[in-house]
Amino acid sequence: MRGIISEKLKDFIEQANKAGAEAKKNGVKLTPQLVRGNLDKLEALIGEGPELNYVEEKILTVEKNSSLNVTVRVYSPDPSEELPVVVHLHGGGHMCGSIALYDTISRKVAKAGHCIVIAVEYRLAPEYPYPMGINDCQFVLENYKKLLTEVKYSKQLMTLGDSGGGALCTTLASNNLTNANVNIDKQILIYPSVDYTMCSASVDENGTGFLLEKDKIRWYFENYFGLDFYANNSIEDVSPLYMPMNNNMPETFIITAGCDPLRDEGLAYKKALLNLGVPVEHHKFDGMIHAYMLLDSLVKQECDETYQLIGKFIKR
């Protein structure tokens, strides 16, 4: 069923659709640079996050004598208190986004959940295609304690991601089911991408006119996996919805948006976990679009409620 958009977003969507139609008319082709630039423009709508007692950028070296490093930003509202750790994996279709763009979200999660947040600057496609970004995030999960020399922390570990960041969280949850070195207690998924097959009904129902469009989703995936991989491999095999799961999966909180092409795959992931006996909490925002968390100044009430819900889930 096609979503009915909130009045708060109608002007924004109208302008976005008009700009998109003009670009197509003029033969403008999607490029990583263009799409990254467009996403970064939303920084003006996110607003500023709260001041926190501790914010530091750090680097994890993947291998000794290697130039390959993973940059992270660590946030803590109270470095002297043993707080749970949330590894934050930003969205952006595996191609866009950054810890700088998502700084406000990281800060607000740290405050709402009274927790440590580790935001990860994982490598992006197409320069670094699948599975390089996953590998970076896995390395952080295995070594995050090395980053916390200046803050106290508890044993509780969680992941949080929106959109493509949600895909990373769910992939890591399945990949670490039998890894004794990584125990993910909870995962928080905001309009997650969990099915690269694009078979959900909402991909067609909400796939035009709501900012994230069906043809653009496919373009993201082609760049993430590479055309050869995308054309010659089973995309179902690398989709988190179809990956191995059991009742040891992390307790999960899922947020879906009614006007999002990815809405139904989030619901399908919820159903799959519930069928295994995994505790799942789900909240839907019917009039919202994909990436509404980046539009805080337009939908402040919905964003504030989202942070409150996330905070309660983290603290519980």
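The coordinates are above.
Note that the coordinates shown come from a computational prediction; the quantities given were computed from them, not determined experimentally.

As a further point, take the overall build of the protein. Along the backbone of the protein there are 11 helices and 8 strands. Taking 2.2 N^0.38 as the reference for a compact globule, 316 residues should give roughly 20 Å; the C-alpha atoms of the protein span a radius of gyration of 19 Å, in line with that estimate. Projected onto its principal axes, the C-alpha positions of the protein cover 55 × 45 × 45 Å. If you take every contact in the protein between residues at least 6 apart in sequence, the share linking residues at least 24 apart comes to 80%. With the model as given, the accessible surface of the protein reaches about 14,100 Å², and the carbon-plus-sulfur share is 49%. Of the side-chain charges in the protein, 32 are positive and 41 negative, and the distance between the mean point of each set is 2 Å.

At their nearest, the axes of helix α5 (residues 132–143) and helix α6 (residues 164–175) sit 10 Å apart, and the two run at 60° to each other. By the angle between their directions, the pair α5 and α6 is classed as oblique. Between α5 and α6 lies a crossing whose hand is right-handed. Taken together, the residues of α6 that come into contact with α5 (itself represented by I134, C137, Q138 and L141) are L168, T171, L172 and N175. Classifying every residue of the contact of α5 with α6 gives 5 nonpolar, 3 polar and no charged.

Next up on the list: the sheet that holds strand β8 (residues 280–285). Spatially, the 8 strands line up as an open sheet ordered β1-β2-β4-β3-β5-β6-β7-β8, and their pairing is mixed. Of all the strands in the sheet, just β1 (54–61) and β8 have a single pairing partner and so form its edges. Direction aside, the axes of adjacent strands within the sheet are offset by 20° on average. With 6 bridges joining them, strand β7 (residues 251–257) and β8 adopt parallel strand pairing. If you follow A257 over to β8, its bridge partner there is F285. Sitting on the sheet, α6 touches β3 (83–89), β5 (153–162) and β6 (186–190), and the angle it makes with β5 is about 130°. Strand contacts of helix α10 (residues 263–275): β6, β7 and β8, with the helix running at about 155° to β7, the strand carrying the most contacts.

Along β5, 7 of the 10 residues are buried, which leaves the element largely enclosed by surrounding structure. With 6 bridges connecting them, β3 and β5 associate as parallel partners. By the bridge assignment for β5, L89 is matched with G161. Relative to β6, β5 runs parallel, the two being bridged by 5 bridges. Looking across to β6, one finds that G161 is bridged to L189. Since β5 and β6 lie parallel, the crossover through α6 that links them has a hand, and here it is right-handed.

All right, on to the side chain of K108 then. Of note, K108 is situated in helix α4 (residues 103–112). Residue classification places K108 among the buried residues on the basis of a relative accessible area of 15%. Beyond its immediate chain neighbours, meaning those up to four positions away, K108 contacts E48, G49, P50, D296 and Y307.

Moving on: the side chain of S193. In this structure, S193 sits in the loop between β6 and α7 (201–205). A relative accessible area of 4% places S193 in the buried class.

When the terminal C-alpha atoms of helix α11 (residues 300–315) are compared, their 22 Å separation across 16 residues agrees well with the 22 Å that a helix rising 1.5 Å per residue should span. Among all positions in α11, only E302, C303, T306, Y307, L309, I310, G311, F313 and I314 are buried.

So, on to the pattern of salt bridges. Taken as a whole and assessed by the stated rule, the structure comprises 17 salt bridges. Between D304 and K300 there is a salt bridge, with its nearest N and O atoms 3.2 Å apart. Of the two residues, D304 and K300 are both situated in helix α11; the distance of 4 residues between them amounts to about one turn of the helix. The exposure class assigned to K300 is partly exposed, which follows from its relative accessible area of 47%. Connected via shared salt-bridge partners are E57, R73, D103 and R107.

Ranked by internal contacts, the top residues of the largest apolar core, which has 103 residues, are I118 and Y292. When residues no more than four places from it in sequence are discounted, the contact partners of I118 are V72, R73, V74, V85, V86, V87, H88, V140, Y144, L147 and L148.

The rules we used
Residues numbered from 1 in each chain as written. Predicted model: local features only at pLDDT ≥ 70, side-chain atom pairs only at ≥ 80, totals over all residues. Heavy atoms only, no water. Helix = DSSP H or I, 4+ residues; strand = E, 2+ residues; numbered from the N terminus. Rg over C-alpha atoms; globule rule 2.2 N^0.38 Å. Contact = heavy atoms within 4.5 Å. Areas by Shrake-Rupley, 256 points an atom, 1.4 Å probe, with all protein chains shown as cover. Lys, Arg positive; Asp, Glu negative; His and termini not counted. Charge placed at Lys NZ, Arg CZ, Asp CG, Glu CD. Axes fitted to C-alpha atoms, helices over the stretch in contact; angles between N-to-C directions. Parallel < 35°, antiparallel > 145°, perpendicular 65-115°, else oblique. Left-handed = near helix turned anticlockwise from the far one by under 90°. Nonpolar A, V, L, I, M, F, W, Y, C, P; charged D, E, K, R; others polar. Pairing = 2+ DSSP bridges. Buried < 20%, exposed > 50% of the residue type's maximum accessible area, 1.4 Å probe, protein only. Right-handed = clockwise from strand over helix to strand, strands pointing away. Expected span 1.5 Å × (residues − 1). Salt bridge = Lys/Arg side-chain N within 4 Å of Asp/Glu carboxyl O. Core = buried A, V, L, I, M, F, W, Y, C linked by side-chain atoms within 4.5 Å.

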